[in-house]
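Examining the three-dimensional arrangement
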Amino acid sequence: MTEEQATEAGIPLSDLESHPSVDLAIDGADEVDPQLNLVKGRGGSLLREKMIEGACETFVVIVDESKLVDHIGGTGLALPVEVIPFCCNFTVERLRELFPDSGCRAELRRVGEKQVPFVTDNGNYIVNLYFERDFGDLNEASDRILRIPGVVEHGMFLGMATTLIVAGKLGVTVKEKSELAG
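Description of the structure in this document.

The rules we used
Residues numbered from 1 in each chain as written. Predicted model: local features only at pLDDT ≥ 70, side-chain atom pairs only at ≥ 80, totals over all residues. Heavy atoms only, no water. Patch = residues over 30% accessible without salt bridge, like charges linked within 9 Å, V, L, I, M, F, W, Y side chains within 5 Å. Areas by Shrake-Rupley, 256 points an atom, 1.4 Å probe, with all protein chains shown as cover. Salt bridge = Lys/Arg side-chain N within 4 Å of Asp/Glu carboxyl O. Helix = DSSP H or I, 4+ residues; strand = E, 2+ residues; numbered from the N terminus. Pairing = 2+ DSSP bridges. Axes fitted to C-alpha atoms, helices over the stretch in contact; angles between N-to-C directions. Contact = heavy atoms within 4.5 Å. Core = buried A, V, L, I, M, F, W, Y, C linked by side-chain atoms within 4.5 Å. Buried < 20%, exposed > 50% of the residue type's maximum accessible area, 1.4 Å probe, protein only.

Moving on, we come to a nonpolar patch on the surface. A cluster of nonpolar side chains, contributed by Leu24, Ile26 and Ile62, occupies part of the molecular surface with about 280 Å² of accessible area. Among the structural elements, Ile62 can be located in strand 4 (residues 56-64).

Below, the structure written as structure tokens:
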């Protein structure tokens, strides 16, 4: 949709094939933890967003304070996982079984009156993971999710944000990734 809107407005576009390095990406996030790890992709474009933001030199995230969480999954809202349509029920079951101690629920995202599977820009489906409790080490969780056959990518953006800008009741704060290392 964004591509169509930009084209209609006469905004020039490029891609990673033509420009494999991006100086700056600015985007929002669905959740941000104290280490600037993110959940993104609840809109369904997590793979493309991760590819672009993985290619950028500086990734600035802008959120309001309601997006700040103690741990990823802390809002109880979805952690999206992009999966291929082929045998997706198998993939959903494998994701459901992955985090039994965290009260994980896995549901294929459905839309519309007929409740058909949501289809991403890449022709894949989204499985939403919901957690009742913290699911532990994010890098380990990432690896476990990505090892499941049929999984394309997940919505955890780990260690990618370089700057966080937070709008809150008391004003705007800025947090730099470089401040975390020190």
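Let's pick the thread back up.
So, about the sheet that holds strand 10 (residues 151-154). Here we have 4 strands laid out as an open sheet, ordered 6-9-5-10, and antiparallel in their pairing. Here the strands that pair on one side only, and so sit at the sheet edges, are strand 6 (105-108) and strand 10. For this sheet, the mean angle separating the axes of adjacent strands, direction not counted, is 25°. Here strand 6 runs beside strand 9 (residues 125-130); their pairing, made up of 4 bridges, is antiparallel.

Our focus in this paragraph is the sheet that holds strand 1 (residues 22-27). If you walk across this open sheet you meet the 4 strands as 1-4-12-13, and the pairing is mixed. The open sheet is flanked by strand 1 and strand 13 (171-176), the only strands paired with a single partner. In this sheet, neighbouring strand axes are inclined to one another by 15° on average, regardless of whether the strands run parallel or antiparallel. Bridge count between strand 1 and strand 4: 5 bridges; the pairing is parallel. Bridge assignment links Asp27 to a residue of strand 4, and that residue is Val61. Contacts between helix 2 (residues 46-54) and the sheet are confined to strand 1 and strand 4, with strand 4 contributing the most and set at about 125° to the helix.

Another point: the nonpolar core. In this structure, Leu95, Leu129, Phe135 and Ile145 are the most contacted members of the largest nonpolar core, which totals 24 residues. Those elements giving two or more residues to this core turn out to be strand 5 (79-83), helix 3 (88-97), strand 6, strand 9 and helix 4 (138-146). Setting aside anything within four residues of it in sequence, one finds Leu95 in contact with Val81, Val83, Cys104, Ala106, Val127, Leu129, Ile145, Ile148 and Val151. Formed by 15 residues, the second largest nonpolar core is a distinct cluster that contains Ala29, Cys56, Ala161 and Leu164.

Moving on, we get to the pattern of salt bridges. Side-chain pairing between opposite charges can occur once the charged atoms of the two side chains come close. Under the defined criterion, the tally for this structure stands at 7 salt bridges. The salt bridge partner of Arg105 is Glu107, with a shortest N-O separation of 2.7 Å. Using a relative accessible area of 34% as the deciding quantity, one classes Glu107 as partly exposed. Taken together, the salt bridges that share partners define one network made up of Asp27, Lys40 and Glu49.

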